[in-house]
Amino acid sequence: VPLLIRLPGGTEAGTTRDDLCQHQDFFRTICSLMGQDVPDELAADGRDLFDAGAAAPEKVITAWSTNVGVRSTDWNLVIDSTGTGDRKELYDLRADPEEKQNVYDEHPDVVKEYMAFLGSTLGPPPYEVRHTGDNRQAPPLVVTRAMHRK
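Numbering of residues starts from 1 in each chain and follows the order in which that chain's sequence is written. Local features in this predicted model are restricted to residues of pLDDT 70 or higher, and side-chain atom pairs are both shown and tallied only at a pLDDT of 80 or more, whereas totals for entire chains, interfaces and linings draw on every residue. Remark: hydrogens and water are excluded; side-chain values derive from all non-hydrogen atoms of the structure.

Engineer: With reference to specific residues and values, describe the overall build of the chain.
Structural biologist: Looking only at helices and strands, one finds 2 helices and 6 strands in the chain. Seen in sequence order, the chain has helices and strands lined up from the N terminus as α-β-β-β-β-α-β-β. A total of 150 residues make up the chain; the buried ones form 31% of that total. Of the contacts formed within the chain by residues at least 6 apart in sequence, a portion of 35% connects residues at least 24 apart. Per-residue and other accessible areas follow the Shrake-Rupley method at a 1.4 Å probe size, with only the shown protein chains counted as cover for residues. If you sum the accessible surface of the chain, you get close to 10300 Å²; carbon and sulfur atoms cover 51% of it. Put simply, DSSP H or I for four residues or longer makes a helix, DSSP E for two residues or longer makes a strand, and each gets a number counted from the N terminus. Burial here depends on accessible area, computed with a 1.4 Å probe over protein chains only, as a share of the maximum for the residue type. Under 20% is buried, over 50% is exposed, and the range in between is partly exposed. Contacts: residue pairs with any heavy atoms within 4.5 Å of one another.

This is how it looks when you write it as structure tokens:
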């Protein structure tokens, strides 16, 4: 999803970037624009989108409804958060930016790499995707490793 920001006096008109950003980046960016320090307990989360020295992530975790995934500028992997394998999708965003052709089975190397990234970030599935209120189409509040309860 494109992000458009208008900041008079901040960035030259017509400037475009194709790097990835995450929801966590907004907090750090707003704090920076307001001249506020980021609290120590949140210092590792996100980056200031206007800090030219802040490295953009190569991959980000995505989540909505009951799905989680990994996205880069080249690929988008989507799986169901339960880990049952009900949803297995991979899209080549350079060749198919509208995500119409699922190429999951054709690129096992990409699937393996992106699943490893997901696992190193959140651990193995299942994942818990918690939403605010009843709107399951809204971005999730948090995605965590689901804990098995007895």
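Engineer: Can you tell me about the sheet that holds strand β2 (residues 67–71), naming the residues and giving the values?
Structural biologist: Read from one edge of the open sheet, 4 strands run β1-β2-β3-β4, paired in antiparallel fashion. Unpaired on one side and paired on the other, β1 (60–64) and β4 (88–92) mark the two borders of the sheet. Adjacent strand axes in the sheet meet at a mean angle of 20 degrees when their direction is disregarded. Strands were regarded as paired on the criterion that DSSP finds at least two bridges between them. In the sheet, strand β3 (residues 75–80) pairs with β4 via 5 bridges, with the strands oriented antiparallel. Directly across from Trp75, in β4, lies its bridge partner Asp92. All axes are obtained by fitting lines to C-alpha atoms, using only the stretch in contact for helices, and the reported angles, taken between N-to-C directions, cover 0 to 180 degrees. On top of the sheet, helix α2 (residues 108–122) reaches β1, β2, β3 and β4; it is set at about 65 degrees to β3, its chief contact.

Engineer: Describe in detail the pairing of β1, supporting the description with residues and values.
Structural biologist: Pairing of β1 with β2, which is carried by 5 bridges, proceeds in the antiparallel orientation. By the bridge assignment for β2, Ala63 is matched with Val68. Linking β1 back to β2 in an antiparallel pair, the connection comprises 2 residues, with Ser65 at a positive phi of about 50 degrees.

Engineer: So what's going on with unusual backbone geometry? Residues and values would help.
Structural biologist: Unlike most non-glycine residues, Glu99 shows phi in positive territory, near 55 degrees. Assignment of secondary structure puts Glu99 in the loop between β4 and α2.

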